[in-house]
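Each chain, letter by letter, is given below.
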Amino acid sequence: DAPEGPAEQVTLFGPQQRAFDLAWASVQRALTLGNAASESEADALREEAWTSNRIYVIDGPPGAGEAFVQRLLIRRALEHGARVLYVFLTAQLASRMREKFGTLIDIDTFHAALGDGAQFCA
């Protein structure tokens, strides 16, 4: 389940912290875009997000903390007013996460959320 208390109070170590920091920097760029003071500032922030943001895969053996980091990122993003789309490869995985988060975030399969992903797969 999601960690208790505000996300800022949670301490991570080693690879968990690195994964969180990389992904959180991308989320912060997206949040900043929503607060742009002008269209030219928004354009500059979009360009920065486009060139800097990446898709991150958090992988590891069972119990390594991948799900914990993901839930922490989601909680922190929600605390900052973000809207979250959590995408899964299978409907079964999406269904399990819906049980945990309910309607707080948007949860769907990769195909349903992003359309035909054939061009993204190797």
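From a predicted model like this one, the values you see are computed outputs, not experimental measurements. (Residues numbered from 1 in each chain as written. Predicted model: local features only at pLDDT ≥ 70, side-chain atom pairs only at ≥ 80, totals over all residues. Heavy atoms only, no water.)

### Describing the nonpolar core
As a rule of thumb, nonpolar side chains are buried together in soluble globular proteins.
In step 1: Counting 18 residues, the largest nonpolar core has Y86, I105 and I107 as its most contacted members.
In step 2: Elements that contribute at least two residues to this core include exactly α1 (14–33), α3 (66–79), β1 (85–88) and α4 (91–101).
In step 3: Here the element with the most residues in this core is α3; it accounts for 5 residues.
In step 4: Discounting chain neighbours no more than four positions away, the residues touching I105 are I74, L78, V84 and Y86. (Core = buried A, V, L, I, M, F, W, Y, C linked by side-chain atoms within 4.5 Å. Buried < 20%, exposed > 50% of the residue type's maximum accessible area, 1.4 Å probe, protein only. Helix = DSSP H or I, 4+ residues; strand = E, 2+ residues; numbered from the N terminus. Contact = heavy atoms within 4.5 Å.)

### Quick word on the confidence of the model for the protein
In step 1: In this model, the protein carries a mean pLDDT of 81, and residues with pLDDT of at least 70 account for 84%.
In step 2: Averaged pLDDT values over the elements of the protein bottom out at 84 in helix α5 (residues 110–114) and peak at 92 in strand β2 (residues 106–109). (pLDDT = per-residue confidence, 0-100.)

### Observations concerning α4
In step 1: Within α4 the residues assigned to the buried category are A94, M97 and F101. The arc that holds the buried residues of α4, viewed along the axis, is 65°, so those residues lie on one side. For α4, the exposed residues lying more than 90 degrees away from the buried face are A91, Q92 and E99.
In step 2: Against α3, β1 and β2 lie the buried residues of α4.
In step 3: Positive phi appears at G102, one or two residues downstream of α4, with a value of about 60°. (Arc of directions from axis to C-beta.)

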